[in-house]
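Here is what each chain is made of, one letter per residue.
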Amino acid sequence: MANYEENTLSSLLNVALRYKWLLFVPLVITLLGIYIYTFDKKLYQSAATISFQTEYFFTQRNNNALSPFERDVQDLVASLKYGKTLETITAKAYPKINPKKQRKLFKAKASKLGAKNGLKLSFRRDNFRALVISYTASDAAEAHSVVKATINTILDNANITSDRVQKSIAFLESSMAGLKTELLDIDQEMLRLKNGLAPLVGAAANVGAIDSVTQSSLTPDLDSGLQRSFKFKESLPQLEFDLHVKEKEFQRLEEKLKNKEYLKSENSSETQNQIDYQNDTLYNQLEASILEKKKELHILTSQGFKSAHPKQRTVKAEIANLQKLSKTRLEELQNTDKKGGLSAYRLSIEKEIKKDLGLKASEIESIKDKIKVLESYQEDIRSQKNSFGSKLDSISVQKSRLEELIQKKYVKSQAYNNAAQEVEEVRRFAQASAGEMGLKITIENPPYLPNAPIPYAHLSLFVMGAILSLGLGMGIVFLIESMDTSVDSPAELQAIIGVPVIGSIDKFHSEVDTYRIDQVDPSEPVSLMALCLVFGHLLSNTII
Amino acid sequence: MLQFQNICAFIDSFRSKIPTETRLICEEEPNSYSSEQYKSLASKLLGERNQAPIKSAVVTSSQPGEGKTTTVCNLALVMVKTFKKKVLIVDGDLRKPSIHKVFDLDQSPGLTDLTTSESNSLESAIQQTRHGDLFVLPAGSESSDPAQLLNSKEMTSLASKITGKFDFIFYDTSPVLFTSDAQALGKHGDVVLFLVQADVTPREMIKEAVDRLKNTGSEPDACILTNTTRQKNLLSYIHGYKYSNYYNDQDKH
């Protein structure tokens, strides 16, 4: 429709009337179909009324052990026994809703329970603890037996027998056994995954394809071989450092040897100490003579001889001579060391250094060998890393599966614990209420075998059919209308071409075709007759 | 309980109205609602344009079957019967002539004969209908090139000849989108009336037809929407009923 045309109710009606056959024909077909479907269909209804009296309490948790149908009936029964405080129960179930609505919801729950099991459950208006159970079927016996069975179920649920307690416990224990099996399966799968994952993760970590965080999250169970391989990898920088140190030491020794640095310190006391002067007899005699002469000089001085005294001058000259001799001897000794004794000493030092150098060289060689191995290992790792894409995918899949299993395990464990707790509660409850079990249920009207069919619910079916068919028709009509680009009003035409519209001519309608209410065309279509039949039958069933 | 007849009447109200074959509704049902619509249109056409009375109108549409002939015939009839005018209908649809059929006249001599041969006189070609002052110039013999004929000097001469002899002249033409005849005839009329059939003609066709007329200098002066639906809503049914009853009652009196 154009923008300038208002979508008023009038325009909508106009559209509907224009395509009235598209609305009318599906309506007639639908109603006719329903009529044919329901023609001569017989339904039988059986009903019974029971009333309840409160006497026991049944825990909500315990209901979980029951089958779904039993649980629903149990809910209903448990709620009914609280007839006086119905609002309290419904308030617990629907806390944010006002009491009126709560009551409505409770009734809806009861009717839903009935509908789920093909039953109709309703409370008697005069007594809210009285429940009317009815069932409709095409067979009278079936209707009767279903109502009877329902009452029996409710009666069974009303009494907590030891059999029921055992049944509940058995149910829970079987659930627990199932859960246990599932938990074991999960554990086994987790173990399998971890075992399969460890080498993959180790290999990935070795080539640096996964970060250390991921690695640590996935490698709690890595085998020792892999751990060693990590250590081996880590030792490479240490080895390189060691090599550097050794090479430096080696170079220093070589320098020392080359520059003969050890000789530069031969006059030091350390070197002198290494020369055995005290063992030279001549030198010792000379030194002893000097000492004696010095003593003699000292005695002479103490005896009052002046230094210029010839005795003193003689002793001094002797001392000087002895000192000269001693010095000469020392020089001789030293020269002797340089020529013979000291060269032996040098050779021994050089020998030591060379020995050290050999040692260092072998150490360096050893380190170099290790580095060579590590480098080849690194090369290998690099090539592995390049071809590691698919393994990473595999790790990712296995990791997510592992996480899923962990989650599943948690849930199952919770369920298992709950079931175990529930078993305990059921046992406790059974012991506690051993003496006072049972809800008193009175059957006010027992179920009966219906002997006559009930009127079929034509009206609702026809109304639903009419609404649906009209809705479908309207949908089609508005689809066609939305695709129609024709013009239907002077205003629209004027807006399109900008030329004034001086008038419009209607479709010709002769007088006999004009709407009238007092004449009936004898040539009415067959559909009209069919519709009348439907209406006639419907009205006779509902009104008469 | 509802009566059977009432149900039938209810269903009847939804029944589709089948369009009648009658073309001259102003003759058959002079008091009908449609006749009144024609009368209203005719009175507008008999007015003035640029302070000069309108003496002729070329009626065209975008495609066939939009009601050109029906509109022309009924308007002419109304002008004769109600407004007591002397009216000529020129059947300019040389490809599918139909005016002569409506008034039960001979097809020739007619327009083509007058423009192609000098042997036929205007008086012999223009035929009087049973409706007194309503005259028809039929299409005439079949022409091989109607467009050329309608664009000829002879056609212009003929148009000037008939102008002034009648109070009003209608030129019925062929559709714009199928031929160029309407464009040729457009210059002979005081106004060009463009007909559009409601709920049928797509907007694109309407726009294209008007553009073609504009491009040839025969821009439409006014539009008429035909075949509209009177029963717009349920209330209109009641109005229609009242209207019909009003005239039925008048007839009885």
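Residues numbered from 1 in each chain as written. Chains lettered and ligands numbered in written order. Predicted model: local features only at pLDDT ≥ 70, side-chain atom pairs only at ≥ 80, totals over all residues. Heavy atoms only, no water.

1. Here we look at the overall build of chain A
Thinking step 1. Looking only at helices and strands, chain A features 18 helices and five strands.
Thinking step 2. Sorting the 544 residues of chain A into buried and exposed places 35% on the buried side.
Thinking step 3. Of the contacts formed within chain A by residues at least 6 apart in sequence, a portion of 77% connects residues at least 24 apart.
Thinking step 4. With the model as given, the accessible surface of chain A reaches about 33,000 Å², and the carbon-plus-sulfur share is 56%. (Helix = DSSP H or I, 4+ residues; strand = E, 2+ residues; numbered from the N terminus. Buried < 20%, exposed > 50% of the residue type's maximum accessible area, 1.4 Å probe, protein only. Contact = heavy atoms within 4.5 Å. Areas by Shrake-Rupley, 256 points an atom, 1.4 Å probe, with all protein chains shown as cover.)

2. Considering the overall build of chain B
Thinking step 1. In terms of regular secondary structure, chain B is built from twelve helices and nine strands.
Thinking step 2. By the burial criterion, 54% of the 253 residues in chain B qualify as buried.
Thinking step 3. When contacts within chain B are restricted to residue pairs at least 6 apart in sequence, long-range pairs at least 24 apart make up 77% of them.
Thinking step 4. Of the roughly 11,800 Å² that chain B leaves accessible, carbon and sulfur atoms contribute 48%.

3. Some points on unusual backbone geometry
All names here are of chain B.
Thinking step 1. Omega for the bond connecting S108 with P109 falls within 30 degrees of zero, at 0°, which places this linkage in the cis form.
Thinking step 2. Relative to the helices and strands, P109 resides in the loop between α5 (99-102) and α6 (111-116).
Thinking step 3. Backbone geometry places K84, a non-glycine residue, at a positive phi of 55°.
Thinking step 4. Positionally, K84 belongs in the loop between α4 (68-81) and β4 (87-91).

4. A few points about the packing of aromatic side chains
Residue and element names in this part refer to chain B.
Thinking step 1. All chains considered together, the criterion is met by three aromatic pairs over all chains.
Thinking step 2. Ring geometry for F168 against F170: centres 4.8 Å apart, planes inclined by 45°, an arrangement best described as tilted.
Thinking step 3. Classification of F168 by relative accessible area gives buried; the value is 0%.
Thinking step 4. Under the relative-accessibility criterion, F170 is labelled buried at 0%.
Thinking step 5. When the ring centre of F166 is taken as reference, the NZ or CZ atom of K86 above it lies at 5.2 Å. (Phe/Tyr/Trp six-rings, centres within 6.5 Å; stacked < 30°, edge-to-face > 60°. Lys NZ or Arg CZ within 6 Å of the ring centre and 35° of its normal.)

5. Some points on the side chain of S134 of chain A
Thinking step 1. Here S134 of chain A shows up in strand β3 (residues 130-137).
Thinking step 2. In this structure S134 of chain A comes out as buried when scored by relative accessible area, which is 7%.

6. What about the nonpolar core?
Residues and elements named next belong to chain B.
Thinking step 1. Within the largest apolar cluster, 36 residues are counted, with the highest numbers of intra-cluster contacts made by I89, F103 and F170.
Thinking step 2. With eight residues, α4 is the single largest residue contributor to this core.
Thinking step 3. Residues within four places of I89 in sequence aside, it is in contact with V72, C73, A76, I99, F103, L134, F135, V136, L137 and F170.
Thinking step 4. Within the second largest apolar cluster, 24 residues are counted, among which are I126, L137, L158 and V192. (Core = buried A, V, L, I, M, F, W, Y, C linked by side-chain atoms within 4.5 Å.)

7. Quick look at the packing of helix α1 (residues 9-18) of chain A against helix α16 (residues 458-483) of chain A
Residues and elements named next belong to chain A.
Thinking step 1. Where α1 meets α16, the closest approach of the two axes is 10 Å, and the angle between their N-to-C directions is 100°. Overall, the two elements α1 and α16 adopt an arrangement that is roughly perpendicular. Contacts from L12, V15, A16 and R18 in α1 reach M474, V477, F478 and E481 in α16.
Thinking step 2. When its residues are assigned to classes, the contact of α1 with α16 shows six nonpolar, no polar and two charged. (Axes fitted to C-alpha atoms, helices over the stretch in contact; angles between N-to-C directions. Parallel < 35°, antiparallel > 145°, perpendicular 65-115°, else oblique. Nonpolar A, V, L, I, M, F, W, Y, C, P; charged D, E, K, R; others polar.)

8. Here we look at the pattern of salt bridges
Thinking step 1. Scanning the entire structure with this criterion turns up 15 salt bridges over all chains.
Thinking step 2. For K39 of chain B, the salt bridge identified is with E36 of chain B, shortest N-O distance 3.3 Å. Of the two residues, K39 of chain B and E36 of chain B both sit in helix α3 (residues 33-45), three residues apart, roughly one turn of that helix.
Thinking step 3. Measuring nitrogen to oxygen at the nearest pair gives 3.8 Å for the salt bridge that ties K165 of chain B to E123 of chain B. One end of the pair, K165 of chain B, is in the loop between α9 (153-162) and β7 (168-172); the other, E123 of chain B, is in helix α7 (residues 122-125), with 42 residues separating them in the sequence.
Thinking step 4. For K165 of chain B, a relative accessible area of 40% corresponds to the partly exposed category.
Thinking step 5. Counted as one network, the salt bridges with shared partners bring together E189, R401 and E404 of chain A. (Salt bridge = Lys/Arg side-chain N within 4 Å of Asp/Glu carboxyl O.)

9. Focus: the environment of I349 of chain A
All names here are of chain A.
Thinking step 1. Within the secondary structure layout, I349 lies in helix α14 (residues 310-386).
Thinking step 2. Look at I349 and you get buried, because its relative accessible area is 19%.
Thinking step 3. Sequence-wise, I349 and L257 are 92 residues apart; in three dimensions their C-alpha atoms are separated by 9.4 Å.

10. Section: the pairing of β4 of chain B
It is a general feature of regular strands that their side chains alternate between the two faces of the sheet.
Residue and element names in this part refer to chain B.
Thinking step 1. Buried residues dominate β4, accounting for five of its five residues.
Thinking step 2. Here β4 pairs with strand β6 (residues 134-137) via four bridges, running parallel. The residue of β6 that forms the bridge with I89 is V136.
Thinking step 3. Examined bridge by bridge, β4 and β7 share five bridges and lie parallel to one another. Pairing of I89 across the sheet is with F170, part of β7. (Pairing = 2+ DSSP bridges.)

11. A look at a nonpolar patch on the surface
All names here are of chain A.
Thinking step 1. The grouping of L9, L12 and L13 at the surface amounts to a nonpolar patch, some 260 Å² of accessible area in total.
Thinking step 2. If you trace the backbone, L12 turns up in helix α1.
Thinking step 3. Owing to a relative accessible area of 34%, L12 belongs among the partly exposed residues under this scheme. (Patch = residues over 30% accessible without salt bridge, like charges linked within 9 Å, V, L, I, M, F, W, Y side chains within 5 Å.)

12. Quick notes on the sheet that holds strand β5 (residues 127-128) of chain B
The strands making up a sheet associate through backbone hydrogen bonding, with each pair oriented either parallel or antiparallel.
Thinking step 1. Within the open sheet, the eight strands sit side by side as β5(A)-β9(B)-β8(B)-β3(B)-β7(B)-β4(B)-β6(B)-β5(B). Their pairing is mixed. The open sheet has two edge strands with one neighbour each: β5 (501-506) of chain A together with β5 of chain B.
Thinking step 2. In this structure, strand β3 (residues 56-61) of chain B lies alongside strand β8 (residues 191-197) of chain B, joined through five bridges in parallel fashion. The residue bridging V58 of chain B from the neighbouring strand is V192 of chain B, located in β8 of chain B.
Thinking step 3. The strands touched by α9 of chain B within the sheet are β4, β6 and β7 of chain B, with β7 of chain B carrying the most contacts at an inclination of about 150°.

13. Considerations on the side chain of D91 of chain B
Residue and element names in this part refer to chain B.
Thinking step 1. With respect to the helices, strands and loops of the structure, D91 is situated in strand β4.
Thinking step 2. Lacking a salt bridge, the buried D91 has K101 as its closest oppositely charged neighbour, with an N-O distance of 8.7 Å.
Thinking step 3. At 3.2 Å, the side chain of D91 and the backbone nitrogen of I99 are in polar contact. (Lys, Arg positive; Asp, Glu negative; His and termini not counted. Polar contact = N/O pair within 3.5 Å; in protein donor to acceptor, adjacent residues only side chain to side chain.)

14. Considerations on α3 of chain B
Thinking step 1. Compared with an ideal rise of 1.5 Å per residue, which puts 13 residues at 18 Å, α3 of chain B spans 19 Å between its outermost C-alpha atoms and is within 8% of the ideal.
Thinking step 2. Those residues of α3 of chain B not exposed but buried are S34, S35, Q37, Y38, L41, A42 and L45 of chain B. What you see down the axis of α3 of chain B is that its buried residues fit within an arc of 155°, all on one side.
Thinking step 3. On its buried face, α3 of chain B sits against β5 of chain A together with α2 (25-28), α4, β7, β8 and β9 (222-228) of chain B. (Expected span 1.5 Å × (residues − 1). Arc of directions from axis to C-beta.)

15. A look at the pairing of β7 of chain B
Residues and elements named next belong to chain B.
Thinking step 1. Buried residues dominate β7, accounting for five of its five residues.
Thinking step 2. Residues F168, F170 and D172 of β7 are buried on one face, and the alternating residues I169 and Y171, pointing to the opposite face, are buried as well.
Thinking step 3. Two elements, β3 and β7, share four bridges in a ladder whose sense is parallel. The residue of β7 that forms the bridge with S56 is I169.

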